[in-house]
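# Breakdown of the fold
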Amino acid sequence: MKFYISTTGIKRVTISSSGAAGKASPTKATAPRRISSRTLLPVLLVLGIALPFLFVRIAFLVLESATACSSPLDCIGWRFFSGADASLLREELSRSLVEAKEGDINEEGIEIESFDKLVKDMTSKRQDIKAFAFKTKAMLLQMERKVQSARQRESIYWHLASHGVPKSLHCLCLKLAEEYAVNAIARSRLPPPEYVSRLADPSFHHLVLLTDNVLAASTVVSSTIQNSANPGKLVFHIVTDKKTYTPMHAWFAINSIKSAVVEVKGLHQFDWSQEVNVGVKEMLEIHRLIWRHYYNNLKEEDFEYKGEHKRYLEALSPSSLSLLNHLRIYIPELFPDLNKIVFLDDDIVVQHDISSLWELDLNGKVVGAVVNSWCGDDCCPGRKYRDYLNFSHPIISSNFDPDRCAWLYGMNVFDIEAWRRTNITATYHQWLKLSHKSGLALWHPGVLPPSLIAFEGHVHPIEPSWHLAGLGYQSAEVHQEVLEAAAVIHFSGPAKPWLEIGFPEVRSLWTKYVSFSNNFIRKCSVMG
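Conventions used here
Residues numbered from 1 in each chain as written. Predicted model: local features only at pLDDT ≥ 70, side-chain atom pairs only at ≥ 80, totals over all residues. Heavy atoms only, no water. Axes fitted to C-alpha atoms, helices over the stretch in contact; angles between N-to-C directions. Helix = DSSP H or I, 4+ residues; strand = E, 2+ residues; numbered from the N terminus. Parallel < 35°, antiparallel > 145°, perpendicular 65-115°, else oblique. Contact = heavy atoms within 4.5 Å. Nonpolar A, V, L, I, M, F, W, Y, C, P; charged D, E, K, R; others polar. Buried < 20%, exposed > 50% of the residue type's maximum accessible area, 1.4 Å probe, protein only. Pairing = 2+ DSSP bridges. Disulfide = S-S within 2.5 Å. Left-handed = near helix turned anticlockwise from the far one by under 90°. Core = buried A, V, L, I, M, F, W, Y, C linked by side-chain atoms within 4.5 Å. pLDDT = per-residue confidence, 0-100. Phe/Tyr/Trp six-rings, centres within 6.5 Å; stacked < 30°, edge-to-face > 60°. Lys NZ or Arg CZ within 6 Å of the ring centre and 35° of its normal. Patch = residues over 30% accessible without salt bridge, like charges linked within 9 Å, V, L, I, M, F, W, Y side chains within 5 Å. Areas by Shrake-Rupley, 256 points an atom, 1.4 Å probe, with all protein chains shown as cover. Salt bridge = Lys/Arg side-chain N within 4 Å of Asp/Glu carboxyl O.

## Focus: the packing of helix α6 (residues 167-182) against helix α8 (residues 242-254)
Packed helices, taken two at a time, are described by the angle between their axes plus the distance between the axes. Their axes nearest at 8 Å, the elements α6 and α8 cross at an angle of 75°. As far as their axial angle goes, α8 and α6 are roughly perpendicular. Contacts between α6 and α8 pair Leu172, Cys173, Leu176, Ala177, Glu179 and Tyr180 from the former with Tyr245, Thr246, Pro247, His249, Ala250, Trp251 and Ile254 from the latter. Tallied by class, residues from the contact of α6 with α8 come to 10 nonpolar, two polar and one charged.

Here it is in structure tokens:
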């Protein structure tokens, strides 16, 4: 065998064999074409970009098909080549959500406690997007009802806590009653004989409290005296019930105040006419019927899932049935020898001198009260008429404006002389009888609703800085400067400062007037 290589390049190769019959004819072989680097680089670049995208796309389609198809490969082909993308998924999801929104949910057997459980349930059963939307709606509805139920229960527990008498206050009354029985000083006359003449002297500043809370009464008296420019002119008239009379008397007899006069009187010590006695009994009976009417309606409500009951709960507090609260309408009969007084609730604190209240000109009106508010012209200091009166009843809607601001009760100036010239008390009783005839549905239980009606046209607005109310409500948000500038702050609402549910941020304004060094206070561990 011989090889012949041409000198001009590898163009051809001739192979001959000596053992062949003849010389083989030369054949021509063509060399393979070389791939240029300029061609290979763009190809590799395109593949580097396209392959990751294709991998992600295929992986997405496989995951998307997992719950809709028996085999992911069955769905990849038509979805991939038909151009399906995220817009189709969004449309399907939107359509399923709309169907879930408009459709009825059968919640029987659906117990989904968390989102993780929902996802696990959906993936394990391979359910579609529509099933996911309906189950999500069911889960959200269950959660909303649980939240609403928790809020309702919180409201109930909150108001139940506000109705209780703390153990410390009960202890204080028992200790003082015991002291009244064994200690002659605790039974000493109030006021002392030398100050009795001041009880009806119009030149002194007379203040009235109707309360059965010894600790609260002592705080009102203490704060008023400490912030008074002339405490020697103050005369306190404290009216209480028969069961609280002995501890109340014992407290002020033992803790005598040198600079002011304090009178403590029990309801059993008043000698009223037969007409007043009948009127008081009739008043209390109708208020009890109103209270019972709302209480029965409240019991029929489903607290788990229905309505807002805070207004009912507030109205159904024990104070709505308190004789001492309702006796405010009989102030002229309680104090026949007085002409002008300042009325104070037992849940207030006096922060500044209030002696100028007796100098206010009420312009012939009976009561001076805060009507406008520190929070602006369109903001009521308390609530509006709609919060107290039932404007669904034609008698109320035809006589009163629901958006009118209600005046504040709790710190008021009463011109008793002007009151005696009016028929306010008679009007009060007329509306009580009308409410009884109208199914007890003209207003919510409480002291203020019928008073708003009886005192209509007899209220003189005073400066808002005299009386700041609402410190016993959760929603009370008052700027510090407004709080400090108020002459009287009022813990109206369920969170009284002597209760555990009282707000710590404002309780200190009340506790600084409590005598924690007092022996009875310490023995009963009164909250500090």
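## Side note on helix α18 (residues 504-511)
Residues Val506, Arg507, Leu509, Trp510 and Thr511 constitute the buried set of α18. Each element contacted by the buried residues of α18 is listed here: α7 (214-226), β7 (348-350), α17 (480-485) and β12 (488-490).

## Some words on the sheet that holds β12
Sheet strands pair via backbone hydrogen bonds, and the direction of the pair is either parallel or antiparallel. One open sheet holds the three strands; their spatial order is β7-β12-β11, and the pairing between them is mixed. Of all strands in the sheet, those with a lone pairing partner are β7 and β11 (467-468), marking the two edges. Alignment of β11 against β12, held across two bridges, turns out to be parallel. The partner of His467 across the bridge, within β12, is Val488.

## Description of the state of the cysteines
Scanning the entire structure with this criterion turns up one disulfide. In this model Cys173 remains outside any disulfide bridge; the closest cysteine sulfur is found in Cys524, 8.9 Å from its own. Relative accessible area serves as the criterion here: at 23%, Cys173 is assigned to the partly exposed category.

## Here we look at the packing of α7 against α8
Closest axis-to-axis distance for the α7/α8 pair is 10 Å, and the angle between their directions is 35°. Read as a crossing pair, α7 and α8 show a hand that is right-handed. Contacts from Val214, Ala217, Ser218 and Val221 in α7 reach Thr244, Pro247, Met248, Trp251 and Phe252 in α8. Considered class by class, the residues forming the contact of α7 with α8 number seven nonpolar, two polar and no charged.

## Some points on the nonpolar core
The biggest cluster of nonpolar side chains holds 67 residues, and the ones touching the most others in it are Leu215, Phe236, Phe252, Ile354 and Ile489. Per-element accounting of this core gives the leading share, seven residues, to α7. Those residues in contact with Phe252 that sit more than four places away from it in its chain are Leu190, Ala217, Ser218, Val221, Ile238, Val262 and Val264. Counting 59 residues, the second largest nonpolar core, distinct from the first, contains Val371, Cys405, Tyr428 and Val447.

## Focus: the confidence of the model for the protein chain
Residues of the protein chain with pLDDT of at least 70 account for 73%, and the chain-wide mean is 81. This stretch, residues 1-29, has a pLDDT under 50; its non-local contacts, to residues over four places away or in other chains, come to 17 contacts.

## A word on unusual backbone geometry
Residue Pro191 is reached from Leu190 by a cis peptide bond, and omega for that bond is -10°. Assignment of secondary structure puts Pro191 in the loop between α6 and β3 (205-210). Phi at Asn363 takes a positive value of approximately 55°, unusual for a residue other than glycine. One can find Asn363 in the loop between β7 and β8 (367-370). Assessed through its relative accessible area of 53%, Asn363 is described here as exposed. Backbone geometry places Ser525, a non-glycine residue, at a positive phi of 50°.

## Regarding the packing of aromatic side chains
Applying the stated criterion across every chain yields a total of 12 aromatic pairs. With centroids separated by 6.4 Å and ring planes inclined at 75°, the aromatic side chains of Phe343 and Phe414 adopt a geometry described as edge-to-face. Of the two residues, Phe343 sits in strand β6 (residues 340-344) while Phe414 sits in strand β9 (residues 411-415), which places them 71 residues apart along the sequence. In this structure, Phe343 and Phe414 share a single accessibility class: buried. Ring centres of Phe414 and Phe455 lie 6.2 Å apart, and the angle between their planes is 50°; on these two criteria the pair is classed as tilted. Of this pair, Phe414 sits in strand β9 while Phe455 sits in the loop between α16 (448-454) and β10 (459-462), and the two are 41 residues apart along the sequence. Each residue in the set Phe343, Trp407, Tyr409, Phe414, Trp419 and Phe455 is aromatic and connected to the rest through ring pairs, giving one cluster. In this arrangement the basic side chain of Arg328 is found over the ring face of Tyr409, its NZ or CZ atom lying 4.7 Å from the centre.

## Digging into a nonpolar patch on the surface
On the surface, Val43, Leu44 and Leu47 cluster together to form a nonpolar patch covering roughly 260 Å² of accessible area. For Leu47, the position within the fold is in helix α1 (residues 37-65).

## With respect to the pairing of β6
Burial within β6 is extensive, with four of its five residues counted as buried. Pairing geometry for β3 and β6, over two bridges, is parallel. Along β6, the bridge assignment pairs Val208 with Phe343.

## What about the sheet that holds β8?
Read across the open sheet, the seven strands follow the order β5-β4-β3-β6-β9-β8-β10; overall the sheet is mixed. Either end of the sheet is taken by a strand with one partner, and the two such strands are β5 (261-266) and β10. Neighbour to neighbour, the strand axes of the sheet diverge by 25° on average, direction disregarded. Contacts from α7 reach β3, β4 (234-240), β5 and β6 within the one sheet, and its direction differs from that of β4 by about 170°. Lying on the sheet, α8 is in contact with β4 and β5; it crosses β5 at an angle near 160°.

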